[in-house]
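Examining the three-dimensional arrangement
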Amino acid sequence: MSVSTAFAPAPAATDVVPAPLPVLGRDVRVPLVTGGEVGYAALDYAASAPALQRVWDDVAAYAPYYGSVHRGAGHLSQLSTELFENARRTVAEFLHCRDDDQVVFTRSTTDSLNLLARALPAGCEVYVFETEHHAALLPWREADVTFLDAPHSPEAAVRTLERALAARDTERPALVCVTGASNVTGEVWPVRELTAAAHALGARIVLDAAQLVPHQAVSVRELDVDWIAFSGHKLYAPFGSGVLAGRADWLSAAEPYLAGGGASRTVARRPDGSVAVEWHEGAARHEAGSPNVIGAYSIASACRALTEAGPEAPAARERHLLGLLRSGLAEVPGVRVLSLFGDDAPRVGVLSFVVEGWNSSHLAAALSAEYGIGVRDGLFCAHPLVHALLGTGAAEQAGCGTGTLNAVRVSFGAGTPDEHVTRFVTALRELVTRGARWTYRTENGRCVPES
């Protein structure tokens, strides 16, 4: 089954919708400017998802045994090293990696893609759609980059890539970077089809799966991508760790991403006074410094929890929540949902929109201050995409804030209860039809409530 066909229609009302997975923060209460407190509705999963309770419990159980990795003969060091390497194997199994693939622990998706950018062979050409998150759009500054126009259908995306690759110099190596699911629209991209096109025309492909892995099962083997990158903090696993997994040859041939302990096998002074270094092979080559063992362990814990829940459970829950959200938004006047591929395109739990007459910063501030609902507003580190979706001739928005036309994003996941989505829709309808109940002002370009 390809990514482009991985989502079935939303479940009917009679279908059983999986219960939310237990996450931290579900009982947090926040103050309202109008007085009192309310349970916080976290609808900004696309930025950072709350930690699964399972992940937190696993990390808490390990914390007393924390020790240095690959550094000592003591029991805690040995235990931590075993846990760290087991986490690597767990991630490889979760992603269905090939037997000879490498799993490198990084700090984030951004770090993973910058690592790969440093490992490109000489003369490599890079092809990237303008619709990418900046983490995938910007790391290739030292390569020969071709930016591809925003496509308006999955089929158009494949055709655009095929035309670009067909015109290239086939004597040079080439890499395509593509998202699995947009962090702005939530739309799922035709990764399997894009991979087939890239390979047929002699290019490799790296998948930015930051917004895909938390929402559905992803198989490196099935998609046939050469590399995959994602972040732990999107996958219900905090502590600042990420993953780059895939083919070993370019990584093994490259200079280490960071120079230092762990990446070096031997270091010796030469007679002329310089230093000779023999670098490690394998993942250690690009993991210099003391590894973030807790971050790696938290990712592995999240992978195990999602595997045990079953690949369909999170996706089914999100289809249900998307149905609630979209039907609710359809009843709010002036709302325009942003989309590249159209209303029927498969999505993960991410949706962005604008409301006629409302500044996005003003709307997000009012949702937080008056209703205790956390959403994201702005351009979502995907400026070219949002500008393309909004149109260049758009008028300024009313209210406080920067005055420029931005968007509001709602995102959720396996830990989101129905009540958070229904409360958001009710709050949005009240704001749009009645207006804000509080006064807001601009501070450092953002809308904030008057104290």
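Here we summarise the structure given alongside this text. Remember, it's a predicted structure, so these values are computed and weren't measured experimentally. (Residues numbered from 1 in each chain as written. Predicted model: local features only at pLDDT ≥ 70, side-chain atom pairs only at ≥ 80, totals over all residues. Heavy atoms only, no water.)

Attention now moves to the side chain of arginine 168. In this fold, arginine 168 is placed in the loop between α5 (154–166) and β7 (174–179). A polar contact is formed between the side chain of arginine 168 and the backbone oxygen of arginine 172, at a distance of 2.6 Å. From its side chain, arginine 168 meets the backbone oxygen of glycine 202 in a polar contact 3.0 Å long. Once you skip the residues sitting within four places of it in the chain, arginine 168 turns out to touch Glu125, Tyr127, Pro173, Ala174, Leu201, Gly202 and Ala203. (Helix = DSSP H or I, 4+ residues; strand = E, 2+ residues; numbered from the N terminus. Polar contact = N/O pair within 3.5 Å; in protein donor to acceptor, adjacent residues only side chain to side chain. Contact = heavy atoms within 4.5 Å.)

Here we take up the environment of glutamate 281. Along the chain, glutamate 281 falls in the loop between β12 (275–279) and α9 (293–309). By relative accessible area, glutamate 281 is classed as partly exposed at 46%. The spacing of glutamate 281 and aspartate 99 is 182 residues in sequence and 16 Å in space, taken between C-alpha atoms. (Buried < 20%, exposed > 50% of the residue type's maximum accessible area, 1.4 Å probe, protein only.)

Before going further, it helps to examine the nonpolar core. Counting 81 residues, the largest nonpolar core has Leu95 and Leu207 as its most contacted members. Broken down by element, the residue count for this core peaks at nine residues, all from α9. Excluding anything up to four places from it in sequence, leucine 95 contacts Val213, Val218, Ser219, Val220, Ile228, Phe230, Val243 and Ala245. Ala364, Val375, Cys400 and Phe412 belong to the second-largest nonpolar core, a separate cluster that totals 34 residues. (Core = buried A, V, L, I, M, F, W, Y, C linked by side-chain atoms within 4.5 Å.)

Here we take up helix α3 (residues 109–118). Taken across its 10 residues, α3 has seven buried, putting it largely inside the fold. Buried within α3 are the following residues: Thr109, Asp111, Ser112, Leu113, Leu115, Leu116 and Ala117.

For helix α12 (residues 383–390), the set of buried residues is Leu385, Val386, Leu389 and Leu390. The arc that holds the buried residues of α12, viewed along the axis, is 125°, so those residues lie on one side. Residues of α12 that are buried sit in contact with β13 (335–337), β14 (350–355) and β16 (376–378). Following α12 by one or two positions, glycine 391 adopts a phi angle in the positive range, close to 90°. (Arc of directions from axis to C-beta.)

Glancing now at the pattern of salt bridges. For side chains of opposite charge, pairing can occur when their charged atoms come near one another. By the definition in use, this model includes 27 salt bridges. Its salt-bridge partner being arginine 54, residue aspartate 58 comes within 3.0 Å of it at the nearest N-O pair. With a gap of four residues between them, aspartate 58 and arginine 54 both fall in helix α1 (residues 53–62), about one helical turn apart. Residue arginine 54 pairs with glutamate 308 through a salt bridge whose shortest N-O separation is 2.9 Å. Placement of arginine 54 in helix α1 and of glutamate 308 in helix α9 is noted, with a sequence separation of 254 residues between them. Residue glutamate 308 is classed as exposed on the basis of its relative accessible area of 58%. Look at the salt bridges and you will find they share partners, linking Arg54, Asp58, Arg304 and Glu308 into a network. (Salt bridge = Lys/Arg side-chain N within 4 Å of Asp/Glu carboxyl O.)

Together, Val267, Val275 and Val277 make up an exposed nonpolar region whose accessible area comes to about 230 Å². Here valine 267 lies in strand β11 (residues 264–269). (Patch = residues over 30% accessible without salt bridge, like charges linked within 9 Å, V, L, I, M, F, W, Y side chains within 5 Å. Areas by Shrake-Rupley, 256 points an atom, 1.4 Å probe, with all protein chains shown as cover.)

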